[in-house]
Amino acid sequence: MLRSLVGSEMCIRDRVVPVFEWADVGVIVIAQLVLALHIAQPYCVSIADVAEPGKPRGSETTSITASFPANKITVATVSLMFGCSVITYPFALHQGIIEPGFPYVISDTWWHAPGDIIARWGVTFSTHLLQILLLMLDHATRRRAHNWLWLAQLGTFGMSVVAVVSEVEQPILHVVCALTWGVGVDIYMLASCCAASGLSFCHKLMAPAAMVAAASSALLCIVKLPGLWSGELAGIHGDNCEQMIGKEVCVLVAYYEWIHQACVFLFFLGAFVFDNNGRGQEIALVVARCEPTSVSPSGARKCADLDSSTNAYDQQL
């Protein structure tokens, strides 16, 4: 009888959890649809030049409900991603995943809980913020490198996959996404430096950071691609990583991750925080209330005075 009671309890629990999860997801989806279709109708979300508090530059009637300057989003992105790289270290060290010392492979600290939980939330959210920074950078460079933007967006998505899927679980997927992150973002950073040439926006930190990041990614591709092509990486797991690709390569990967991360940080800090002309404060992600006059193909609402302005709302999210 005890076995039947335990079995019944487990059966009820197994049914209740899926029902709760589906109901929870359903409520969230319905709430988002109501918010987007009814409550948020008078509002636009976009990248804008904010000349004065509460007003996008070139706008007469539109008022800003909320504004998030590029410099603050940059600081939040850098702090969050760097924090996830450092906070997970003592947990991985205690679990015996990595050896004491620096540098260590950052992604190795995301193998097991709580490191994987921190990475899946913190790093993934920081990549979302980085997507916004990419749009702001595209706006700041007057969209001169817009044709390369998709590469950076794809690379940023690859970084979110790296945070979610460890090299222990899916080594090939992990490495492919890591290379996509490096190559995609680096190409766009180089293109943005060329596009910003002659603009007061360009900071002296941006070009060196982009070149060092690109060089480090190219070196990693030379080291990693042969193993990826031959299928050797498919046999990697935590206990035989050094035996499969060599201790020297593991150390090289550790240096790459830290150098590349530092270069990406310096690039965006140079673009929006260390700038001398205050562009990091003028460019902002804004939520503006206005009278919509049209709907873009993507579904974003547009405003009359913003459409006619040359300095505001270059693109709708």
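About the thresholds
- Every chain is numbered on its own, with residues counted from 1 as its sequence reads.
- In keeping with the predicted nature of the model, local features appear solely for residues at pLDDT of at least 70, side-chain atom pairs appear and are counted solely at 80 or more, and the whole-chain, interface and lining totals rest on all residues.
- Side-chain metrics rest on all non-hydrogen atoms present in the structure, leaving aside hydrogens and water.
- For helices the rule is a DSSP run of H or I covering at least 4 residues; for strands it is a run of E covering at least 2, with both sets numbered from the N terminus onward.
- Helix span, expected: 1.5 Å multiplied by one less than the number of residues in the helix.
- Exposure categories follow from relative accessible area, calculated using a 1.4 Å probe and restricted to protein chains: below 20% of the type maximum is buried, above 50% is exposed, and the middle band is partly exposed.
- When checking whether two residues touch, look at their non-hydrogen atoms; a contact exists if any pair is within 4.5 Å.
- Each Phe, Tyr or Trp ring, with Trp reduced to its six-membered ring, pairs with another whose centre is within 6.5 Å; inter-plane angles below 30 degrees give stacked pairs, above 60 give edge-to-face pairs, and intermediate values give tilted ones.
- Definition of nonpolar core: a set of buried residues of the types Ala, Val, Leu, Ile, Met, Phe, Trp, Tyr and Cys, connected through side-chain atoms within 4.5 Å.
- Axis lines are fitted to C-alpha atoms, over the contacting stretch for helices. Their N-to-C directions set the angle, which ranges from 0 to 180 degrees.
- We call two directions roughly parallel when the angle between them is under 35 degrees, roughly antiparallel when it is over 145, roughly perpendicular when it lies between 65 and 115, and oblique otherwise.
- In this count, Pro and Cys sit with the nonpolar residues alongside Ala, Val, Leu, Ile, Met, Phe, Trp and Tyr, while Asp, Glu, Lys and Arg are called charged and the others, Gly among them, polar.

Remarks on helix 4 (residues 149-164)
Counted at 1.5 Å a residue, the expected span for helix 4 with its 16 residues is 22 Å, and the 23 Å between its end C-alpha atoms agrees. Inspection of helix 4 places Leu 149, Leu 151, Ala 152, Gly 155, Thr 156, Gly 158, Met 159, Ser 160, Val 161, Val 162 and Ala 163 among the buried residues, and these make up the whole buried set. Looking at the packing, one finds that the buried side of helix 4 touches helix 3 (115-140) and helix 5 (171-195).

A few points about unusual backbone geometry
Leave glycine aside and you will find that most residues have negative phi; peptide bonds, for their part, are mostly trans. Here the bond from Ala 113 into Pro 114 is cis, since omega is 5 degrees, no more than 30 degrees from zero. The phi angle at Arg 142 is positive, at roughly 60 degrees, despite the residue not being glycine. Note that Arg 142 resides in the loop between helix 3 and helix 4.

Notes on the packing of aromatic side chains
Each aromatic ring pair is characterised by the separation of its centres together with the angle its planes make. For the coordinates displayed, the defined rule picks out 4 aromatic pairs. Aromatic pair Phe 82 and Trp 258: ring centres 6.4 Å apart, planes at 75 degrees, arrangement edge-to-face. Placement of Phe 82 in helix 2 (residues 70-94) and of Trp 258 in helix 8 (residues 247-272) is noted, with a sequence separation of 176 residues between them. Of the residues examined, Trp 258 reaches a relative accessible area of 14% and is grouped as buried. Between Tyr 89 and Tyr 104 the ring centres are 4.5 Å apart and the planes differ by 25 degrees, which places this aromatic pair in the stacked class. Taken together, the positions of Tyr 89 in helix 2 and Tyr 104 in the loop between helix 2 and helix 3 put the pair 15 residues apart, joining distant regions of the chain. For the pair Tyr 89 and Tyr 104, one class covers both residues: buried. These aromatic residues form a ring-pair network of at least three members: Phe 82, Tyr 89, Tyr 104 and Trp 258.

Notes on the nonpolar core
Of all hydrophobic cores here, the largest spans 51 residues; its most connected members are Trp 110, Met 136, Leu 137, Phe 267, Phe 268 and Phe 272. Of all the elements in the fold, those that place two or more residues in this core are helix 2, helix 3, helix 4, helix 5, helix 6 (206-230), helix 8 and strand 4 (283-289). A per-element tally of this core places helix 3 first, with 10 residues. If you look at the next biggest cluster of nonpolar residues, it comprises 8 residues, including Val 105, Val 175, Leu 220 and Tyr 256.

What to know about the environment of Leu 151
Relative to the helices and strands, Leu 151 is located in helix 4. C-alpha separation for the pair Leu 151 and Val 185, spaced 34 residues apart in sequence, amounts to 6.7 Å. Beyond its immediate stretch of four places on either side in the chain, Leu 151 contacts Gly 184, Val 185 and Ile 187.

Side note on the packing of helix 3 against helix 4
When two helices pack together, you describe them by how their axes are tilted relative to each other and by the distance separating the axes. It is the contact of helix 3 with helix 4, at a shortest axis distance of 8 Å, that shows an interaxial angle of 170 degrees. Our classification of the angle between helix 3 and helix 4 gives roughly antiparallel. Counted together, Ala 119, Arg 120, Val 123, Thr 124, Thr 127, Leu 130, Gln 131, Leu 134, Leu 135 and Asp 138 of helix 3 and Leu 149, Ala 152, Gln 153, Thr 156, Phe 157, Met 159, Ser 160, Ala 163 and Val 164 of helix 4 form the full contact between these two elements. Broken down by class, the residue content of the contact of helix 3 with helix 4 amounts to 11 nonpolar, 6 polar and 2 charged.

Any functional reading would require information that these geometric values do not contain.
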